[in-house]
Amino acid sequence: MFLYPNAYFEKVEDITIQFLIKNKIKALILDVDNTLIDKTEKLSQDIIDWAKNLKGQGVKLYILSNTNRKKKVEKIAEKLEIPFHYFGMKPLKRGFNKVKKELKEESSRIAVVGDQIFTDIIGGNRSKMFTILVEPINEKEYWYTAWKRPIENKIKENMKKQDNKN
């Protein structure tokens, strides 16, 4: 189902090279807001180290953000030394397909990592990519995200119930 991710982690830094190898993932498409940075736009050293480690092991990283603030995304991409695409219009496939083309990888070898079901997960699933849901870094939300969280929390509860049944 388009609403459910293939995997769930508390934070991006919990995604290991072993997990990626096991799932045959060669590249990660990363969300920015509340996935890599908090509302104050702070990027932690842990995330910088995590990205450097994965890149050093041959994993391609690419930022796909819905924000139209190019400078904000560019600043994060520069710190991580990875390419980016802003105003991605997730969950539409267009941004995912553009990044896929630049990554030169099959959809099944790309994982989409983000904190929102209605943008990152649905978009990644529609694009036939592996999807990884992470918890938002910060509870403080932008108004256009906050209204969706109660619905997403219900979906996460159902997801966890299904996992416990299996």
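Below is a short write-up of the structure. (Residues numbered from 1 in each chain as written. Predicted model: local features only at pLDDT ≥ 70, side-chain atom pairs only at ≥ 80, totals over all residues. Heavy atoms only, no water.)

1. Here we look at the pairing of strand β6 (residues 130-134)
Counting buried positions along β6 gives 5 out of 5 residues, so the element sits mostly inside the fold. Taking every second residue as pointing to the same face, both faces of β6 are buried, with F130, I132 and V134 on one and T131 and L133 on the other. Two elements, strand β1 (residues 7-9) and β6, share 3 bridges in a ladder whose sense is parallel. By the bridge assignment for β6, Y8 is matched with L133. Tracing the backbone out of strand β5 (residues 110-114), into helix α5 (residues 117-126) and back to the parallel element β6 gives a crossover that is right-handed. (Buried < 20%, exposed > 50% of the residue type's maximum accessible area, 1.4 Å probe, protein only. Helix = DSSP H or I, 4+ residues; strand = E, 2+ residues; numbered from the N terminus. Pairing = 2+ DSSP bridges. Right-handed = clockwise from strand over helix to strand, strands pointing away.)

2. Digging into the layout of surface pockets
Roughly 170 Å³ of volume is contained in the second largest pocket. If you go around the second largest pocket, you meet 14 residues; those closest to its centre are K11, E13, S44, I47 and I137. Class assignment of the residues belonging to the lining of the second largest pocket gives a composition of 6 nonpolar, 2 polar and 6 charged. (1 Å grid on protein atoms, 1.4 Å probe; cavity = no way out; pocket = protein on both sides within 12 Å on 5 of 7 lines; lining within 4 Å. Points joined across faces, edges and corners; volume = space filled by probe spheres on them. Nonpolar A, V, L, I, M, F, W, Y, C, P; charged D, E, K, R; others polar.)

3. Some details on the sheet that holds strand β3 (residues 60-64)
With parallel pairing, 6 strands are arranged side by side in an open sheet as β1-β6-β5-β2-β3-β4. Since the sheet does not close on itself, it has two edges, and those belong to β1 and β4 (84-85), each with one partner. As judged from the 4 bridges shared by strand β2 (residues 27-30) and β3, these two strands associate in the parallel manner. Residue pairing for β3: A27 is matched across the bridge by K60.

4. Observations concerning helix α4 (residues 93-103)
Of the residues making up α4, those classed as buried are G95, F96, V99 and L103. The buried residues of α4 all sit within an arc of 95 degrees when viewed along its axis, so they share a single face. For α4, the exposed residues set more than 90 degrees away from the buried face come down to R94 and K101. Among the residues trailing α4, K104 stands out with phi positive, at a value near 55 degrees. (Arc of directions from axis to C-beta.)

5. Regarding helix α2 (residues 45-56)
Relative to the 16 Å expected for 12 residues at 1.5 Å per residue, α2 spans 16 Å between its end C-alpha atoms, a close match to the ideal helical length. The inward-facing, buried residues of α2 contact α1 (17-22), β2, β3 and α3 (70-80). (Expected span 1.5 Å × (residues − 1). Contact = heavy atoms within 4.5 Å.)

6. Examining the pattern of salt bridges
The tally for this structure, following the rule as stated, stands at 7 salt bridges. Of the charged contacts, one joins D33 and K72 as a salt bridge, the two residues approaching to 2.7 Å between their closest N and O atoms. One end of the pair, D33, is in the loop between β2 and α2; the other, K72, is in helix α3, with 39 residues separating them in the sequence. Among the residues examined, K72 registers a relative accessible area of 5% and is labelled buried. Residue E41 pairs with R69 through a salt bridge whose shortest N-O separation is 2.9 Å. In this pair, E41 sits in the loop between β2 and α2 while R69 sits in the loop between β3 and α3, placing the two residues 28 residues apart along the sequence. The network of salt bridges with shared partners includes D31, K90 and D120. (Salt bridge = Lys/Arg side-chain N within 4 Å of Asp/Glu carboxyl O.)

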